[in-house]
Amino acid sequence: MSDTGRKPFGDKVSESVKPDSQKSYGEQVKESVTDTYDKMARRVQPNESKSTTQSTADSMQNKADQWKDEGNKKSADLNQNVDEHGHSFVDTAKQYASDVQKQASEALNHATEYLNKSSDTK
């Protein structure tokens with residue numbers, strides 16, 4: 001059982017089980033407000049004044065929040081890395097394509113000159 005003034009554990013579980021796509025706008029707003037309030041209470045209330053159950057639940061939630069934050073940071077870093085290297089890859093590919101086009105054009109010009117010289121000597 002959660003401490004007085006804190007979000008009941010049953011509400012947390014039922015909210016996490018139901019997908020957001022099946023929740024009404026009102027349910028989503030209520031959930032966001034109560035989650036924010038409970039998160040603030042979790043951080044402000046000293047552990048000594050919490051029940052063992054509440055202290056354990058808060059500790060687990062803090063760890064879950066930490067993992068989520070770390071996952072979000074890694075995801076953002078990965079996206080930035082992909083953007084940077086993706087653009088770099090595209091730029092490099094464009095440069096190679098441009099170089100190949102120039103070489104092909106030069107080869108065509110040389111071949112045309114050679115053919116023109118060959119026909120002039122006949």
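Predicted model, so just to flag it, every value in this text is computed and none were measured.

### Description of the overall build of the protein chain
Alright, step 1. Across its full length, the protein chain holds three helices and zero strands.
Alright, step 2. Mapped in sequence order, the helices and strands of the protein chain form the string α-α-α.
Alright, step 3. Here the protein chain has a C-alpha radius of gyration of 32 Å; the compact-globule value for 122 residues is 14 Å, and the former is much larger.
Alright, step 4. Counting only C-alpha atoms, the protein chain reaches 105 × 35 × 15 Å along its principal axes.
Alright, step 5. Restricting the contact set of the protein chain to residue pairs at least 6 apart, pairs at least 24 apart contribute 58%.
Alright, step 6. Charged side chains in the protein chain number 18 positive and 21 negative. The centres of these two groups are separated by 2 Å.

### Comments concerning the confidence of the model for the protein chain
Alright, step 1. Per-residue confidence for the protein chain averages 86 on the pLDDT scale, and 96% of its residues sit at or above 70.
Alright, step 2. Looking at the elements of the protein chain, mean pLDDT is at its lowest for helix H3 (residues 52–121), recorded as 83, and at its highest for helix H2 (residues 25–44), recorded as 92.

### Section: the side chain of Gln54
Alright, step 1. As for its position among the elements, Gln54 is in helix H3.
Alright, step 2. For Gln54, a relative accessible area of 0% corresponds to the buried category.
Alright, step 3. Only 2.8 Å separates the side chain of Gln54 from the backbone nitrogen of Asp3, close enough to count as a polar contact.
Alright, step 4. With sequence-adjacent residues up to four places away left out, Gln54 is seen in contact with Ser2, Asp3, Arg6 and Phe9.

### Some thoughts on the environment of Ser32
Alright, step 1. Counting through the fold element by element, Ser32 comes out in helix H2.
Alright, step 2. When the C-alpha positions of Ser32 and Ser51 are compared, they lie 24 Å apart, and in sequence the two are 19 residues distant.

### Some points on a nonpolar patch on the surface
Alright, step 1. Together, Tyr25, Val29 and Val33 make up an exposed nonpolar region whose accessible area comes to about 340 Å².
Alright, step 2. Here Tyr25 shows up in helix H2.
Alright, step 3. Residue Tyr25 is classed as exposed on the basis of its relative accessible area of 68%.

Rules behind the numbers
- Residues numbered from 1 in each chain as written.
- Predicted model: local features only at pLDDT ≥ 70, side-chain atom pairs only at ≥ 80, totals over all residues.
- Heavy atoms only, no water.
- Helix = DSSP H or I, 4+ residues; strand = E, 2+ residues; numbered from the N terminus.
- Rg over C-alpha atoms; globule rule 2.2 N^0.38 Å.
- Contact = heavy atoms within 4.5 Å.
- Lys, Arg positive; Asp, Glu negative; His and termini not counted.
- Charge placed at Lys NZ, Arg CZ, Asp CG, Glu CD.
- pLDDT = per-residue confidence, 0-100.
- Buried < 20%, exposed > 50% of the residue type's maximum accessible area, 1.4 Å probe, protein only.
- Polar contact = N/O pair within 3.5 Å; in protein donor to acceptor, adjacent residues only side chain to side chain.
- Patch = residues over 30% accessible without salt bridge, like charges linked within 9 Å, V, L, I, M, F, W, Y side chains within 5 Å.
- Areas by Shrake-Rupley, 256 points an atom, 1.4 Å probe, with all protein chains shown as cover.
- Salt bridge = Lys/Arg side-chain N within 4 Å of Asp/Glu carboxyl O.

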